[in-house]
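Working through the structure, step by step
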Amino acid sequence: MSTPKAPTKKSPMLIVITALMLFSMFFGAGNLIFPPMLGAQAGENFLPAILGFLGTGVLLPVLAVIAIALSGNNVRDLARRGGWLFGLVFPVLAYLSIGAFYALPRTGAVSYSTAIQPVLGTEGILASGIFNLIFFGIAFALAYNPNSIVNNLGKFLTPVLLVLLVLLVVLAMINFDGVPGSPDAKYTEAPFPTGLVEGYLTMDSIAALAFGIIVISALRYKGMPEGKPLVRGTIAAGLVAGALLAVIYVGLGFIGQYIPDPGQYEDGAGLLADAALLIMGTPGQLVFGLIVLLACLTTAVGLIASTSEFFETLLPGIQYKVWAVIFSLMSFALATLGLDTVLAIAAPVIGFLYPSAITLIFITLIQPLFRGRVRFHWTYRVAIWVAVAWAALMTFNSLGWGTSAIEPLIAWSPMHSVEMGWVLPTLIGLVIGLVIDIVRPAPGAEQTPDAAVREPQEQVEA
């Protein structure tokens, strides 16, 4: 990267612009289409359902950014607290799942199928290839210099995206006067836990661990002083971005609730496309297409930048710009050829990663509460590896591998039916690890991972 600028006095505006950048990186295709479908399916149970969605779709990503801010380092340094093996494997799987093997090519594929194909009526691999070549070419150009991402996204693309989103939501509130229908079965029995699981699908909790370091680097490059101002600035940017996400999610959910005959829709993309058409006619389709393109493009830029920076750190012999080229080309190829196979592989990987990611974030946030009196060594390791083991069992069970043996082992845990049975066993593991750390502290065992967090924590506590 280039040499950081001199310390800036325009920190409030800088934080706002950085928050807009972070919002745009979070807000991709899934973030656009999941909330309206939740609104349509939850019906009268929209409130508990959207609160659950906000828990995993907004609160967890913000907490992840805060965890990165407190650590002062990247996700790899954070993950090393679970041991050297977890510290290597988890970040690689996380970056690949949100990068070139899933989320990144999905931005191009969804843009083409949702924004271009319905309007132009184009089909076939040639049309898809031409579009994705242009799409990822633009994304690569915007991500080529990581120091320009704040300006490219925060100052220019994100304000346009927000204006279009607000326009769509406001016009829907004025024009739609439907009545929320009866909730679908899953939202009748457990609307809040179901909303939690739906929030997983945005993948933002994992992405936040990657985006957090981009926020820190951007603020540092723009002149934000090191130490406490940098930590607070990162946290503030995360909170502002989270607030924007929450407002937009609720507005999109409202559209799904009140659009005429919401039960006819099979996905959120079709619902929003019809909403735009009903509100504004043919120009509405163009507006919706532009929203999809901007949402996917800004996310693609963030994913290219974050994955390239991570792998440059992991393998310093290959420069950031080379990684950016590699991931852009891989995403172009996968998006052009189709994502069915990739999705089949990626979905279990994502489900496997989430429990350990949430556990890592949670323990990182509670550690400062002990103010250095207890060194978290076994607390991290026991809790994280319980989460990993339970998530592995859940993944094998969902794939039908050894279900007859696995199901009796994990079915007893509360919330097993909504894919959150890992929570109680992990909490038990956390308590056991904490007790071990209190009774039998391991001198020096936390020295390497704590080195990344000691200074920022002391600055925050000061």
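Figured I'd write up the structure that's included with this text. Keep in mind it's a predicted model, so treat the numbers as computed, not measured.

1. Topic: a nonpolar patch on the surface
Taken together, I125, L126, I130, I134, I138 and L337 make up a surface patch of nonpolar side chains, about 640 Å² in accessible area. When residues of the nonpolar patch are assigned to their parent elements, the largest contribution, five residues, is made by helix α7 (residues 125-143). Its relative accessible area of 66% is what places L337 among the exposed residues.

2. Notes on the pattern of salt bridges
Any two side chains of opposite charge can pair, so long as their charged atoms come close to each other. Applying the stated criterion to the full structure yields two salt bridges. With its nearest N and O atoms 2.1 Å apart, the salt bridge here joins R80 to D77. Given a relative accessible area of 32%, R80 falls into the partly exposed group. The class for D77 is buried, based on a relative accessible area of 14%. The residue E198 makes a salt bridge to K186 at a minimum N-O spacing of 3.8 Å. You can see E198 sitting in helix α10 (residues 191-200) and its partner K186 sitting in helix α9 (residues 185-189), a full 12 residues away along the chain.

3. Looking at the nonpolar core
By size, the foremost hydrophobic cluster in this structure holds 145 residues, and its most contacted members are F23, F27, L32, F90, L209 and I255. Not counting residues within four places of it along the chain, the set of residues in contact with L209 comprises A64, I68, V75, L78, F90, Y95, A357 and I361.

4. Details of helix α13 (residues 268-280)
With 13 residues, α13 extends 18 Å between its outermost C-alpha atoms, agreeing within 8% with the 18 Å of an ideal straight helix rising 1.5 Å per residue. Of all the positions in α13, only G268, A269, L271, L272, A275, A276 and I279 are classed as buried. Projected down its long axis, α13 shows its buried positions confined to an angular sector of 165°, all on one face. Looking at the residues trailing α13, positive phi occurs at G281, about 70°.

5. What about the packing of helix α17 (residues 378-398) against helix α19 (residues 423-439)?
One can describe the packing of α17 onto α19 by two numbers: an axis separation of 7 Å at closest approach and a directional angle of 160°. Here α17 is positioned roughly antiparallel relative to α19, judged by the angle of their axes. Where α17 crosses over α19, the handedness of that crossing is right-handed. Residues W378, T379, V382, A383, V386, A387 and W390 of α17 touch α19, and the partners they reach there are P425, T426, G429, L430, G433, L434, I436 and D437.

6. Here's the deal with unusual backbone geometry
You will see that D261, though not glycine, has its phi angle at about 50°, which is positive. With respect to the secondary-structure elements, D261 resides in the loop between α12 (228-258) and α13. Phi at M415 is positive, roughly 70°, even though this residue is not glycine. Structurally, M415 is set in the loop between α18 (403-410) and α19.

7. Comments concerning the side chain of S331
Mapping S331 onto the fold places it in helix α15 (residues 320-337). Not counting residues up to four positions away in its chain, the partners in contact with S331 are A100, L104, P105 and F136.

Conventions adopted
- Residues numbered from 1 in each chain as written.
- Predicted model: local features only at pLDDT ≥ 70, side-chain atom pairs only at ≥ 80, totals over all residues.
- Heavy atoms only, no water.
- Patch = residues over 30% accessible without salt bridge, like charges linked within 9 Å, V, L, I, M, F, W, Y side chains within 5 Å.
- Areas by Shrake-Rupley, 256 points an atom, 1.4 Å probe, with all protein chains shown as cover.
- Salt bridge = Lys/Arg side-chain N within 4 Å of Asp/Glu carboxyl O.
- Helix = DSSP H or I, 4+ residues; strand = E, 2+ residues; numbered from the N terminus.
- Buried < 20%, exposed > 50% of the residue type's maximum accessible area, 1.4 Å probe, protein only.
- Core = buried A, V, L, I, M, F, W, Y, C linked by side-chain atoms within 4.5 Å.
- Contact = heavy atoms within 4.5 Å.
- Expected span 1.5 Å × (residues − 1).
- Arc of directions from axis to C-beta.
- Axes fitted to C-alpha atoms, helices over the stretch in contact; angles between N-to-C directions.
- Parallel < 35°, antiparallel > 145°, perpendicular 65-115°, else oblique.
- Left-handed = near helix turned anticlockwise from the far one by under 90°.

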